[in-house]
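Next come the chains, spelled out residue by residue.
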Amino acid sequence: MSEALTFHFDVNGEDFTSAGQASVRFKKNMRELGVDPEIIRRASIAMYEGEINMVIHAHGGVADVEVDEDAIKIVLKDRGPGIPDIAKAMQEGYSTAPDNIRSLGFGAGMGLPNMKRYTDEMQIESTVGVGTTVTMKINLN
Amino acid sequence: MKIKEVKELLDAELLCGDEAELEKDVYSACGSDMMSDVLAYVKDQSVLLTGLVNPQVIRTAEMMDMICLVFVRSKKPTPEMVSLAHEHGLVVLATEKRMYEACGILYSNGLTSKGVKKR
């Protein structure tokens, strides 16, 4: 592919039961493009963790994906409360998720570290009271 | 081990999947009620045993490329979850056995967390 392909997903934050729908669609899109299954898995898990985070903490947001011949770039953007201390949020096991989210099987404080682990590059830009943008890149080669 | 054998060993009910899917081979499994941990620690496991019931269990399994889900402790997925599993081609089983026992039975029959154990 010579030009980058783009995909846009709205992440509905009203209802936790729908959390993950955008990632399922993303995974389907990547399969249709014929991306390597192991790369799809890594990218999908990172996107899924990010999507769950947006639903838990920020009442949803948007995900924009760009695929070119070198990489998959995922940008997750929300207008949530922001992350006051990114270094702390990156620590495994540190979580600010409420108890009801833990009872749903999430909120173990593994989301952000996991997103970093499964991607080749990750940047977090966050302003308290304004929102958070997470940019992830997964190399295709 | 074939999914069919997982079903027999756990005396499980088939909630989603057909005969052809039951013939699929699985090489490793994991058990957790915490999807966060499944996403963080699991690699190449084709069976997930869980007592958690919500649509994220199905989506987590789909994200991890798993092919078989086993609900333990008599937990039953909702019809919406079953249709979601059907969409993703996941086999869904339900057993009365508790997590520890279900995992133990599968493990001792050769389905470990790291591929099939030699007997």
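Since the structure is predicted, the reported quantities are computational estimates derived from the model, not experimental observations.

Peer 1: Quick one: what's the story with the overall build of chain B, residue by residue and with numbers?
Peer 2: Broken down by element type, chain B carries six helices and five strands. Along chain B, helices (α) and strands (β) appear in the sequence α-β-α-β-α-β-α-β-α-β-α when read from the amino end. The C-alpha atoms of chain B give 13 Å as radius of gyration, which agrees with the globular expectation for 119 residues (14 Å, within 12%). Expressed as lengths along the three principal axes of its C-alpha atoms, the size of chain B is roughly 40 × 30 × 25 Å. Of all 119 residues assigned to chain B, the portion counted as buried reaches 44%. Expressed as a percentage of contacts within chain B between residues at least 6 apart in sequence, the contacts between residues at least 24 apart total 53%.

Peer 1: A description of the sheet that holds strand β5 (residues 131-139) of chain A should follow, citing residues and the corresponding values.
Peer 2: All names here are of chain A. As summarised here, the arrangement of the five strands in space is β1-β2-β3-β5-β4, forming an open sheet in which the pairing is antiparallel. Each edge of the sheet is formed by a strand with only one pairing partner; in this case those strands are β1 (5-12) and β4 (121-127). For this sheet, the mean inter-axis angle between neighbouring strands, taken without regard to orientation, is 10°. Looking at chain direction, strand β2 (residues 60-67) and strand β3 (residues 71-78) are connected through six bridges and run antiparallel. Residue pairing across strands places D64 opposite V75, the latter belonging to β3.

Peer 1: Describe helix α5 (residues 79-87) of chain B, naming the residues involved and giving the relevant values.
Peer 2: All names here are of chain B. Inspection of α5 places M81, L84 and A85 among the buried residues, and these make up the whole buried set. One side of α5 holds all its buried residues, which, seen down the axis, span an arc of 100°. Turned more than 90 degrees away from the buried face of α5 sit P79, E80, S83 and E87, all of them exposed. Tucked inside the fold, the buried residues of α5 contact β1 (13-16), α4 (55-63), β4 (68-71) and β5 (91-94). Where α5 terminates, the next one or two residues include G89, which has phi positive at roughly 70°.

Peer 1: An account of the packing of helix α2 (residues 37-58) of chain A against helix α5 (residues 111-118) of chain A is requested, with residue identities and associated values reported.
Peer 2: For any two helices packed against each other, the geometry comes down to the angle between their axes and how far apart the axes lie. All names here are of chain A. Interhelical geometry of α2 versus α5 gives an angle of 155° and a closest axis separation of 9 Å. Taken as axis vectors, α2 and α5 run roughly antiparallel relative to one another. Relative to α5, α2 is oriented so that their crossing is left-handed. Touching R42, I45, A46, E49, G50, I52 and N53 of α2 are G111, N114, M115 and Y118, all from α5. A class-by-class count of the residues in the contact of α2 with α5 yields five nonpolar, four polar and two charged.

Peer 1: With reference to specific residues and values, describe the sheet that holds strand β3 (residues 47-50) of chain B.
Peer 2: Residue and element names in this part refer to chain B. Pairing is mixed across the open sheet formed by five strands, whose spatial order is β1-β5-β4-β3-β2. Two strands close off the open sheet at either side, each with one partner strand: β1 and β2 (29-31). Strand-to-strand, the axes of this sheet are offset by a mean angle of 20°, without reference to chain direction. By the bridge criterion, four bridges tie β3 to β4 in an arrangement that is parallel. Bridge pairing links T50 to F71 in β4.

Peer 1: Explain the interface of chain A and chain B to me, and be specific about the residues and the numbers.
Peer 2: Residue-level contacts link 19 residues of chain A with 17 residues of chain B. Those elements that provide at least two residues to the side of chain A that touches chain B are α1 (21-33), α2 and α5 of chain A. Here the element with the most residues in the side of chain A that touches chain B is α2 of chain A; it accounts for five residues. When grouped by side-chain class, the residues that make up the side of chain A that touches chain B number eight nonpolar, eight polar and three charged.

Peer 1: So, the pairing of β5 of chain B: which residues are in play, and what are the values?
Peer 2: All names here are of chain B. Neither face of β5 is open: one carries V91 and L93, the other V92 and A94, and all of them are buried. With three bridges joining them, β1 and β5 adopt antiparallel strand pairing. When the bridges of β5 are listed, L14 appears paired with L93. This β-α-β element, β4 to α5 to β5, shows right-handed connectivity.

Peer 1: Tell me what's going on with the packing of α1 of chain A against α2 of chain A, and back it up with residues and numbers.
Peer 2: Residues and elements named next belong to chain A. Contact geometry of α1 with α2 gives a least axis separation of 9 Å together with a crossing angle of 160°. Relative to α2, the element α1 is oriented roughly antiparallel. Our pair here, α1 against α2, has a crossing hand that is right-handed. Along the contact surface, α1 presents A22, S23, F26, K27, M30 and R31, while α2 presents I40, A43, S44, M47, Y48 and E51. Residues of the contact of α1 with α2, tallied by class, amount to seven nonpolar, two polar and three charged.

Rules and cut-offs
Residues numbered from 1 in each chain as written. Chains lettered and ligands numbered in written order. Predicted model: local features only at pLDDT ≥ 70, side-chain atom pairs only at ≥ 80, totals over all residues. Helix = DSSP H or I, 4+ residues; strand = E, 2+ residues; numbered from the N terminus. Rg over C-alpha atoms; globule rule 2.2 N^0.38 Å. Buried ≥ 20, exposed ≤ 12 C-beta atoms within 10 Å, placed from the backbone. Contact = placed C-beta atoms within 7 Å. Pairing = 2+ DSSP bridges. Axes fitted to C-alpha atoms, helices over the stretch in contact; angles between N-to-C directions. Arc of directions from axis to C-beta. Parallel < 35°, antiparallel > 145°, perpendicular 65-115°, else oblique. Left-handed = near helix turned anticlockwise from the far one by under 90°. Nonpolar A, V, L, I, M, F, W, Y, C, P; charged D, E, K, R; others polar. Right-handed = clockwise from strand over helix to strand, strands pointing away.

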